[in-house]
Amino acid sequence: MKTKVKSMLAKLPGVESKMGDPEILSDQKKYMELAAEHKYLSKLKAKWDRLTAVESAIIDDHDFLKTETDQELRAEIESEMEDLKKEKEVLLKDIEVTIIPPDPTDNKNTIVEVRAGTGGDEAAIFVGDCIRMYRHFAESKKWTFESLSYTESDAGGFKEYQFALSGEGAYRFMKYEGGTHRVQRVPKTETQGRVHTSAITVAVLIEPDEDEEVNLEEKDLRVDTYRASGAGGQHVNTTDSAVRITHIPTGLVSYCSEERSQIKNRAKALRLLRAKIAEKSRLEKEKETAAERALQVGSGDRSERIRTYNFPQNRLTDHRIDLTLFSLSEVMEGDLDQVVGPLVAYYYQKRLQSNGA
């Protein structure tokens, strides 16, 4: 890793020099590309510099302990060393993910659909838990989290929930969330303390941007309006504000009932529909992506899963990479880096092996 990082950071002076070139400054597209590369390399440099400083401090503390006899001071230094070693471990994992070359889709706006599968009320409650988890993860990444549509469950949580994420690395870190997530825990309504198993499905879509135009003709759309149901205020019972849009040629459907305004709900439903149509188009062009997508959604059955959340054991298992963590409570609070980081690294290595075959 050291050789790779040094090789990448050697490019930084050249990038900085090019950014000051008048010819580059006059070409907005080239300048934006260089600016993105500069930001990426600068971030890597900051992490690498910090790692170097931490490693140096660990060596200094280790040398100090060889001669120091004051027990109180030794205890203080040993405590500091433990903290530094933990920071070093985190930095190494972070850098391992950071040195994976950026992909053109990494920073794309992302739409996520979370749906309750097998398990009834408990699955819907877990959808709500995961929405909270993703919201906290987005906050930690300084992404924008925008609710698009949801259907609440009578028992709490949601039958389904769609939201949009925008920010640096949104798709890079979310794309491997697609699939069936299985949860094992004792429901609040369970009087005998038995563990129940339920499942939810997550689908991750890239929201089309200006470079990927999705033309929607009015003649191809069937727009239905209806009264929203569930929590949200008395207005939901008096106005036909909810909107469902069906794209007739593909049969794809999207809807939104979150806003009081029918116009706003229509706009959000169209955003979701465009993302679904763009995804369908991409799948038709890329067989490999189509295979991955087929794995993403599945049927929501317990037997199909990419990840298991076992609450009694505070254990999370990602079955794709045989990753087991006993820090489920931290993950559910939004600390998803310890899961998605290894996933990003694993699938990058898989692509390298595939390309080299």
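Rules used throughout
- Residues numbered from 1 in each chain as written.
- Predicted model: local features only at pLDDT ≥ 70, side-chain atom pairs only at ≥ 80, totals over all residues.
- Heavy atoms only, no water.
- Helix = DSSP H or I, 4+ residues; strand = E, 2+ residues; numbered from the N terminus.
- Contact = heavy atoms within 4.5 Å.
- Phe/Tyr/Trp six-rings, centres within 6.5 Å; stacked < 30°, edge-to-face > 60°.
- Buried < 20%, exposed > 50% of the residue type's maximum accessible area, 1.4 Å probe, protein only.
- Lys NZ or Arg CZ within 6 Å of the ring centre and 35° of its normal.
- Pairing = 2+ DSSP bridges.
- Axes fitted to C-alpha atoms, helices over the stretch in contact; angles between N-to-C directions.
- Patch = residues over 30% accessible without salt bridge, like charges linked within 9 Å, V, L, I, M, F, W, Y side chains within 5 Å.
- Areas by Shrake-Rupley, 256 points an atom, 1.4 Å probe, with all protein chains shown as cover.
- Salt bridge = Lys/Arg side-chain N within 4 Å of Asp/Glu carboxyl O.
- Lys, Arg positive; Asp, Glu negative; His and termini not counted.
- Charge placed at Lys NZ, Arg CZ, Asp CG, Glu CD.
- Core = buried A, V, L, I, M, F, W, Y, C linked by side-chain atoms within 4.5 Å.
- Parallel < 35°, antiparallel > 145°, perpendicular 65-115°, else oblique.
- Left-handed = near helix turned anticlockwise from the far one by under 90°.
- Nonpolar A, V, L, I, M, F, W, Y, C, P; charged D, E, K, R; others polar.
- Expected span 1.5 Å × (residues − 1).
- pLDDT = per-residue confidence, 0-100.

**Brief notes about the overall build of the protein chain**
And step 1. A tally of helices and strands in the protein chain yields 11 helices and 11 strands.
And step 2. For the protein chain, long-range pairs separated by at least 24 residues make up 61% of all intrachain contacts whose partners lie at least 6 apart in sequence.

**Re the packing of aromatic side chains**
And step 1. Counting across every chain of the model gives 11 aromatic pairs.
And step 2. Aromatic side chains F137 and W143 sit 5.3 Å apart centroid to centroid with 80° between the ring planes, which places their arrangement in the edge-to-face category.
And step 3. Take F137: its relative accessible area is 0%, and that puts it in the buried class.
And step 4. An aromatic cluster is defined as three or more aromatic residues linked by ring pairs; in this entry it consists of Y134, F145, Y150, F158, Y161 and F163.
And step 5. Positioned above the aromatic ring of F173 is the side chain of R172, whose terminal nitrogen or guanidinium carbon lies 5.8 Å from the ring centre.
And step 6. Stacked on the ring of F311, the Lys or Arg R185 has its end atom at 4.7 Å from the ring centre.

**Considering the sheet that holds strand β6 (residues 221-226)**
And step 1. Across the sheet, which stays open at both edges, the 3 strands sit in the order β6-β7-β8 with antiparallel pairing between neighbours. In this open sheet, the two edge strands, each paired with only one partner strand, are β6 and β8 (252-256). The average undirected angle you get between the axes of adjacent strands in this sheet is 15°.
And step 2. Here β6 runs beside strand β7 (residues 242-247); their pairing, made up of 6 bridges, is antiparallel. Its bridge partner being in β7, R222 is matched across the sheet by T246.

**Observations concerning the sheet that holds strand β3 (residues 158-166)**
And step 1. The strand order across the open sheet formed by 8 strands is β2-β3-β1-β5-β4-β9-β10-β11, and the pairing between neighbours is mixed. Only two strands of the sheet have a single partner each, and these edge strands are β2 (144-152) and β11 (323-325). Ignoring strand direction, the axes of neighbouring strands in this sheet form an average angle of 15°.
And step 2. Relative to strand β5 (residues 196-206), strand β4 (residues 179-185) is paired through 7 bridges, and the arrangement is antiparallel. The residue bridging G179 from the neighbouring strand is V202, located in β5.
And step 3. On the sheet, helix α6 (residues 121-140) packs against β1 (110-116), β2, β3, β4, β5 and β9 (307-310) and is oriented at approximately 15° with respect to β3.

**Topic: a negative patch on the surface**
And step 1. On the surface, D70, E72, E76, E80, E82 and D83 cluster together to form a negatively charged patch.
And step 2. Assignment of secondary structure puts E72 in helix α5 (residues 71-98).

**Digging into the nonpolar core**
And step 1. Core analysis: the biggest nonpolar cluster contains 44 residues, and V114, Y134, F163 and L165 have the highest contact counts within it.
And step 2. Where this core is concerned, the elements lending two or more residues are β1, α6, β3, α7 (170-174), β5, β11, α10 (328-332) and α11 (337-356).
And step 3. Among the elements that line this core, the one with the most residues is α6, at 9 residues.
And step 4. When neighbours within four sequence positions are excluded, Y134 is seen to be in contact with V114, F145, F163, M174, E177, H181, V202 and L336.
And step 5. Counting 22 residues, the second largest nonpolar core, distinct from the first, contains V5, L51, V54 and I58.

**Quick word on unusual backbone geometry**
And step 1. One non-glycine residue with positive phi stands out, namely K142, at about 60°.
And step 2. When you line up the elements, K142 lands in the loop between α6 and β2.
And step 3. Of note in this structure, N314 is not a glycine but carries a positive phi near 50°.
And step 4. Inspection of the secondary structure puts N314 in the loop between β9 and β10 (315-318).

**Some points on the packing of helix α4 (residues 28-67) against α5**
And step 1. Between α4 and α5, the least distance of the axes is 9 Å, while the angle of their chain directions is 155°. Overall, the two elements α4 and α5 adopt an arrangement that is roughly antiparallel. Every pair of crossing elements has a handedness; the one defined by α4 and α5 is left-handed.
And step 2. The residue inventory of the contact of α4 with α5, partitioned by class, reads 16 nonpolar, 2 polar and 11 charged.

**What to know about α6**
And step 1. The end-to-end C-alpha distance of α6, which contains 20 residues, comes to 29 Å, matching closely the 28 Å that a straight helix rising 1.5 Å per residue would cover.
And step 2. Of all the positions in α6, only E122, A123, A124, F126, V127, G128, C130, I131, M133, Y134, F137 and A138 are classed as buried.
And step 3. K142, located one to two residues past α6, shows a positive phi value of around 60°.

**A look at the environment of K11**
And step 1. With respect to the helices, strands and loops of the structure, K11 is situated in the loop between α1 (2-9) and α2 (12-19).
And step 2. Each C-alpha atom of the pair K11 and E37 lies 9.6 Å from the other, and the pair is 26 residues apart in sequence.
And step 3. When sequence neighbours within four positions are dropped, the list of residues in contact with K11 reads E37 and L41.

**Thoughts on the pattern of salt bridges**
And step 1. Here the structure, examined in full by the defined rule, presents 26 salt bridges.
And step 2. Salt bridges linked by common partners bring E113, R115, E160 and K276 together as one network.

**So, the confidence of the model for the protein chain**
And step 1. Here the protein chain averages 85 in pLDDT, and 89% of its residues register 70 or above.
And step 2. Across residues 231-238 the pLDDT falls below 50, and counting only partners more than four positions away or on other chains, this stretch makes 9 contacts in the model.
And step 3. Considering only residues more than four positions removed or in separate chains, one finds that residues 298-303, a stretch of pLDDT under 50, has 15 contacts.

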